[in-house]
Amino acid sequence: MILLDKKFPNIFKDKKNIYTKSLDKKTYFEERTKREGKNVYREWDPKRSKLAAGLIKGISQIGFKEGSIVLYLGASHGYTVSFVSDIIGKNGFIFAIDIAPQVTRDLVRLAEERNNIAPILANCNHPEEYKDTVSKSDIVYQDIAQKNQVQIFLKNCDAYLNSGGFGLLALKARSMDVTKKPKDLFKQVMKELEEKISVVDYRVLDPYEKDHALFIVKKK
Ligand SMILES: C[S@@+](CC[C@H](N)C(=O)[O-])C[C@H]1O[C@@H](n2cnc3c(N)ncnc32)[C@H](O)[C@@H]1O
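All chains use their own residue numbering, which begins from 1 and follows the written sequence. At least 70 in pLDDT is required for a residue's local features to be given in this predicted model, at least 80 for side-chain atom pairs to be given and counted, and no such filter applies to totals for whole chains, interfaces and linings, which use all residues. Hydrogens are left out, water is left out, and the side-chain values use all remaining heavy atoms of the structure.

J.: Residues and numbers for the packing of aromatic side chains, please.
T.: The criterion for an aromatic pair is that two Phe, Tyr or Trp rings (for Trp, the six-membered ring) have centres within 6.5 Å, with stacked assigned to planes under 30 degrees apart, edge-to-face to planes over 60 apart and tilted to the rest. In the structure shown here, the tally under the stated rule is nine aromatic pairs. Each ring, one from Phe29 and one from Tyr79, has its centre 5.4 Å from the other, and the planes form 85°; the classification is edge-to-face. In this pair, Phe29 is assigned in the loop between β3 (18-21) and β4 (33-36) and Tyr79 in helix α2 (residues 79-88), connecting sequence segments 50 residues apart. Per residue, the accessibility class of Phe29 equals that of Tyr79, and both read buried. These aromatic residues form a ring-pair network of at least three members: Phe29, Trp44, Tyr79 and Phe83. The criterion for a charge sitting over a ring is simple: Lys NZ or Arg CZ within 6 Å of the ring centre, and within 35 degrees of the ring normal. The positively charged end of Arg42 is found above the aromatic ring belonging to Phe83, 3.9 Å away from the centroid. Helical segments are the DSSP runs of H or I of at least four residues, strand segments are the runs of E of at least two, and each set is numbered from the N terminus. Only protein chains enter the accessibility calculation, which uses a 1.4 Å probe. A residue is then buried if its area is under 20% of the maximum for its type, exposed if over 50%, and partly exposed in between.

Written as structure tokens, this is what we have:
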């Protein structure tokens, strides 16, 4: 039986898996679903989404709720975006950015079906590029495998995160430095983040995503 997760708005769970309730009763990816009454619950795979992996690993807060405005950096084909779209609902909105035209095409198809997603082709390393397209947001979520991913995240939080808002950084250690142990890099990143913004929690995402961690920050 699927039950609402008491800690996280609009996220559901059973004994093994987590789910969101499909906003439009449709599914967009190859995914397992469960039907209860008129509702369609989409199983959220922690091996395909770092946000789902963070939730399964027991992250204490993520900030997403009904009506949240989200700046999503590294949207790719839109797998995680589609679950965030379910969580924030019809009154929320996602500015979904990616640099790669091939994946953005899939994102456009998703956005044609969902009114709460705007796909944007841009480089997150240059936040000024999209200053006329995106608004200040309640959440900045970043999942891009770049060497300077921490600096990109901080620049975007600085420019677009509302005060009191949450930033979520899905970090890939190997993209930053292949010579360093992921554990040491995570410590270094924690220090770098703490110099600029308050870190409220983090989780290493193994075994779902090898050498990745999810950091949660909150802007004062
Ligand atoms: C790991 S994938 C994201 C997966 C996605 N977040 C999900 O969970 O469904 C990383 C994405 O970041 C994008 N990316 C990398 N560097 C970028 C940049 N500077 N600006 C925007 N997107 C970037 C890549 O094109 C790729 O689609």
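The discussion continues.
J.: Give me the lowdown on the sheet that holds strand β2 (residues 12-13), citing residues and values where you can.
T.: Strand order in the open sheet made by the five strands is β1-β2-β3-β5-β4, with antiparallel pairing throughout. Each end of this open sheet is capped by a strand with a single partner; those strands are β1 (3-4) and β4. At least two DSSP bridges between two strands are required for those strands to pair. Pairing geometry for β3 and strand β5 (residues 39-44), over four bridges, is antiparallel. Note on β5: the bridge partner recorded for Lys21 is Tyr41. Residue contacts are counted whenever heavy atoms from the two residues lie within 4.5 Å of one another. All axes here are fitted lines through C-alpha atoms, helices being fitted over the stretch that makes contact, and every angle between N-to-C directions spans 0 to 180 degrees. Across the face of the sheet, α2 comes into contact with β3 and β5 while running at roughly 140° to β5.

J.: So, the sheet that holds strand β11 (residues 198-204): which residues are in play, and what are the values?
T.: The strand order across the open sheet built from seven strands is β8-β7-β6-β9-β10-β12-β11, with neighbouring strands paired in mixed fashion. The open sheet has two edge strands, β8 (117-121) and β11, and neither has a second partner. For this sheet the average axis-to-axis angle between neighbouring strands, irrespective of direction, equals 15°. Looking at chain direction, strand β10 (residues 161-172) and strand β12 (residues 212-218) are connected through seven bridges and run antiparallel. Counted as the bridge partner of Leu168 is Ile216 from β12. Packing of helix α3 (residues 101-113) onto the sheet brings it into contact with β7 (93-98) and β8, and relative to β8 it is tilted by some 160°. Seen against the sheet, helix α4 (residues 149-160) touches β6 (69-73), β9 (137-142), β10 and β12 and runs at an angle of roughly 165° to β10.

J.: Can you tell me about a positive patch on the surface, naming the residues and giving the values?
T.: Think of a patch as exposed residues, more than 30% relative accessible area, with no salt bridge, where like charges cluster within 9 Å and nonpolar side chains (Val, Leu, Ile, Met, Phe, Trp, Tyr) cluster within 5 Å. Calculation of accessible area relied on Shrake-Rupley with a 1.4 Å probe; when residues are assessed, cover is drawn exclusively from the protein chains displayed. A carboxyl oxygen of Asp or Glu within 4 Å of a side-chain nitrogen of Lys or Arg is what we treat as a salt bridge. The convention is simple: Lys and Arg are positive, Asp and Glu are negative, and His and the chain ends are not counted. For charged residues, the charge sits on one atom: NZ in Lys, CZ in Arg, CG in Asp, CD in Glu. On the surface, Lys21, Lys25, Lys38 and Lys90 cluster together to form a positively charged patch. Its place among the elements puts Lys38 in the loop between β4 and β5.

J.: Let's hear about α2: which residues, and what values?
T.: Summarising burial for α2: 10 of the 10 residues are buried, a large majority. Along α2, the positions that sit buried rather than exposed are Tyr79, Thr80, Val81, Ser82, Phe83, Val84, Ser85, Asp86, Ile87 and Ile88. Positive backbone phi, approximately 70°, marks Gly89, located one or two places after α2.

J.: An account of the pairing of β6 is requested, with residue identities and associated values reported.
T.: In terms of residue burial, β6 counts as a mostly covered element, since four of its five residues are buried. Two elements, β6 and β7, share five bridges in a ladder whose sense is parallel. Within β7, the position partnered with Tyr72 by the bridge is Ala96. The path from the first strand over the helix to the second decides the hand: if it runs clockwise while the strands point away from the viewer, the crossover is right-handed. The parallel pair β6 and β7, bridged by α2, forms a crossover whose chirality is right-handed. Both β6 and β9 contribute to a ladder of four bridges, which runs parallel. Bridge pairing in β9 places Leu71 opposite Val140.

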